[in-house]
Amino acid sequence: MDNRHNDSLAAVMRMKEYIAAHLQEPITAQDLAKAAGYSQYHAARMFKGETGLSPFEYLRRERLTASAHLLRSGRHKVVDVSLDFVFDSHEGFTRAFVNGFGISPKKYATRPAPEGWQIPFHYLDRSKLHAEVSNMSKTTVIFTQIIDRPARRFILKRSKGADDYFSYAEEIGCGKNNASAAWDVLSEIKEALYEPVGVWLPEGMCPPGTGTYAHGVEVPANYTGPLPEGFDVIDLVPCQYIVFQGEPYKDENYGEAVSACMERIKSFNPEVYGYQYATDMAPRMQLEPQGWRGYIEMLPVKRMNEH
């Protein structure tokens, strides 16, 4: 086992220990990256590589398992347990519990405990069980937050004329796991601040003969490392983004979930909250769709009193 793998194992262990110590508190990707001693993107990559789960899939599993133990005691209300383990709502907790264990938390709390049971079923492995049916509604609820991005650089693979993911992938070519060939290269840039993203570039960032859609990754403002062949780099100014995150969805419902979320984003008015879109100063970003976390888009904004 080489030193690199040892370092990865140690970083993942630090993240697991942090999660265990703060299971009933809000935990962010930045918190886990700090515990690991790496950037958010590389901390997440190492965690997935060692465990097969993203940090937040693991966190969700640990919270649900701990909540199941607590419910088994029979002394706690479902709504209280959902709040104790940092779920946004009673409904969200119930939905996550059913998806994870195939039984509602209320029924589980009152169900007789067979000898040896600690949780109702093996987590996310219900292929031989008659799980309760969860009637998931169409993904139309979105959650929003404002985040800050510092000055940084953006390494990207431009297209000749693509204006969305599908036309881009057709032009650039597919890589591993149904991502674009450019995505595979971007995923290997160790200095990346965050995960690779799909972007719609402002007109001022599109040289003549290039498309508006690209794949890229953010790196520190002082990055001077080599550029992959055929890639470009641009400087991005400090800005704020509004993050839109849809509800989790089943992978087979990918198209419907993404389309529904994008439609809701179109109807969102940031001016209600004192912001306006600033799509001329930074790219609009699209994170890799992953069912467990929902579809995520980020649009640059500025306060309405800024000029």
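To be clear, the structure that these remarks concern was listed above.
Residues numbered from 1 in each chain as written. Predicted model: local features only at pLDDT ≥ 70, side-chain atom pairs only at ≥ 80, totals over all residues. Heavy atoms only, no water.

### Observations regarding the overall build of the protein
Condition: To qualify as a helix, a DSSP run of H or I must reach at least 4 residues; to qualify as a strand, a run of E must reach at least 2; elements of each kind are numbered from the N terminus. The rule is simple: take the accessible area with a 1.4 Å probe, protein chains only, and divide by the maximum for that residue type; under 20% is buried, over 50% is exposed, in between is partly exposed. Contact definition: two residues touch when any of their heavy atoms are within 4.5 Å. The Shrake-Rupley method, run with a 1.4 Å probe sphere, supplies the accessible areas, and residue values consider only the shown protein chains as cover.
Secondary structure assignment for the protein yields 10 helices and 9 strands. Taken across its 307 residues, the protein has 39% of its residues classed as buried. The long-range share in the protein, meaning contacts at least 24 apart out of those at least 6 apart in sequence, stands at 72%. Carbon together with sulfur atoms contributes 50% to the accessible area of the protein, which is approximately 16900 Å² in total.

### Topic: the pairing of strand E4 (residues 213–220)
This is how the line gets drawn: Whether two strands pair depends on DSSP finding at least two bridges between them.
With 7 of 8 residues buried, E4 is to be regarded as a mostly interior element. Relative to E4, strand E2 (residues 152–157) is paired through 6 bridges, and the arrangement is antiparallel. Each bridged residue has a counterpart across the sheet, and for isoleucine 155 the counterpart in E4 is valine 217. As paired strands, strand E3 (residues 197–200) and E4 are joined by 4 bridges and run antiparallel to one another. Among the inter-strand pairings, glycine 198 is bridged to a residue of E4, identified as histidine 215.

### Here's the deal with the side chain of serine 8
The residue serine 8 is located in helix H1 (residues 3–21) in this model. Not counting residues within four places of it along the chain, the set of residues in contact with serine 8 comprises Met46 and Glu50.

### A word on helix H6 (residues 90–101)
The cut-off we apply is this: One less than the residue count of a helix, multiplied by 1.5 Å, gives the span that helix is expected to have.
Here H6 spans 16 Å end to end across 12 residues, near enough to the 16 Å set by a 1.5 Å rise per residue. Taken together, the buried positions of H6 are Gly92, Phe93, Ala96, Phe97, Val98, Gly100 and Phe101. The inward-facing, buried residues of H6 contact helix H4 (55–72), helix H5 (78–84) and helix H7 (105–110).

### Quick word on the packing of aromatic side chains
To keep things clear, this is the line we draw: Between the rings of Phe, Tyr and Trp (Trp by its six-membered ring), a pair exists once the centres lie within 6.5 Å; its type follows the angle of the planes, with under 30 degrees stacked, over 60 edge-to-face, and the other angles tilted. Working rule: Lys NZ or Arg CZ, within 6 Å of ring centre, within 35 degrees of ring normal, means a charge sits over the ring.
Evaluation of the coordinates by the stated rule reveals 8 aromatic pairs. Measuring from centroid to centroid gives 5.3 Å for phenylalanine 47 and tyrosine 58, while their planes differ by 65°, and the two rings are edge-to-face. In this pair, phenylalanine 47 is assigned in helix H3 (residues 40–51) and tyrosine 58 in helix H4, connecting sequence segments 11 residues apart. Considered together, phenylalanine 47 and tyrosine 58 belong to a single accessibility category, that of buried residues. Centre to centre, the rings of tryptophan 200 and tyrosine 213 are 5.2 Å apart; their planes meet at 70°, and the pair counts as edge-to-face. Taken as a pair, tryptophan 200 in strand E3 and tyrosine 213 in strand E4 lie far apart in primary sequence, 13 residues in all. With respect to burial, tryptophan 200 and tyrosine 213 carry one shared label: buried. What links up through ring pairs into an aromatic cluster is the set Phe87, Phe93 and Phe97. The ring of tyrosine 194 carries arginine 149 above its face, with NZ or CZ at 3.6 Å from the centroid. Taking NZ or CZ as reference, lysine 157 lies 5.7 Å from the ring centre of phenylalanine 231, over its face.

### Describing the pairing of E3
Burial along E3 is two-sided: Val197 and Val199 facing one way and Gly198 and Trp200 facing the other are all buried. Where E3 meets strand E8 (residues 284–287), 4 bridges bridge the pair, whose relative direction is antiparallel. Paired with glycine 198 across the bridge in E8 is glutamine 286.

### Concerning the nonpolar core
Taken as a class, soluble globular proteins show a tendency for nonpolar side chains to be buried jointly. In plain terms, the rule: In this description, a nonpolar core means a group of buried Ala, Val, Leu, Ile, Met, Phe, Trp, Tyr and Cys residues linked to one another through side-chain atoms lying within 4.5 Å.
One finds Phe154, Ile155, Val199, Leu201, Val217 and Ile234 to be the most contacted residues of the largest nonpolar core, which totals 33 residues. Mapped onto this core, the elements with two or more residues apiece are E2, helix H9 (181–186), E3, E4, strand E5 (232–236), strand E6 (239–246), E8 and strand E9 (296–303). When residues of this core are assigned to their parent elements, the largest contribution, 4 residues, is made by E4. Leaving out residues up to four positions away in the same chain, valine 199 has contacts with Phe154, Thr212, Tyr213, Ala214, Pro283, Arg284 and Met285. Counting residues in hydrophobic clusters, the runner-up holds 27 residues, among them Val12, Ile27, Phe97 and Tyr108.

### A short note on the pattern of salt bridges
Selection criterion: We define a salt bridge as a contact between a side-chain nitrogen of Lys or Arg and a carboxyl oxygen of Asp or Glu at a distance within 4 Å.
Evaluation of the coordinates by the stated rule reveals 9 salt bridges. Of the charged contacts in the structure, one is a salt bridge between glutamate 62 and arginine 61, with a shortest N-O distance of 3.5 Å. When its relative accessible area of 27% is taken as the criterion, arginine 61 is described as partly exposed. For glutamate 218, the salt bridge is made with arginine 149, and the minimal N-O distance between the two is 3.0 Å. With a gap of 69 residues between them, glutamate 218 in strand E4 and arginine 149 in strand E1 (residues 142–149) connect regions that are remote in the sequence. Like arginine 149, glutamate 218 is buried. Residues joined in a network through salt bridges with shared partners are Arg149, Arg152 and Glu218.

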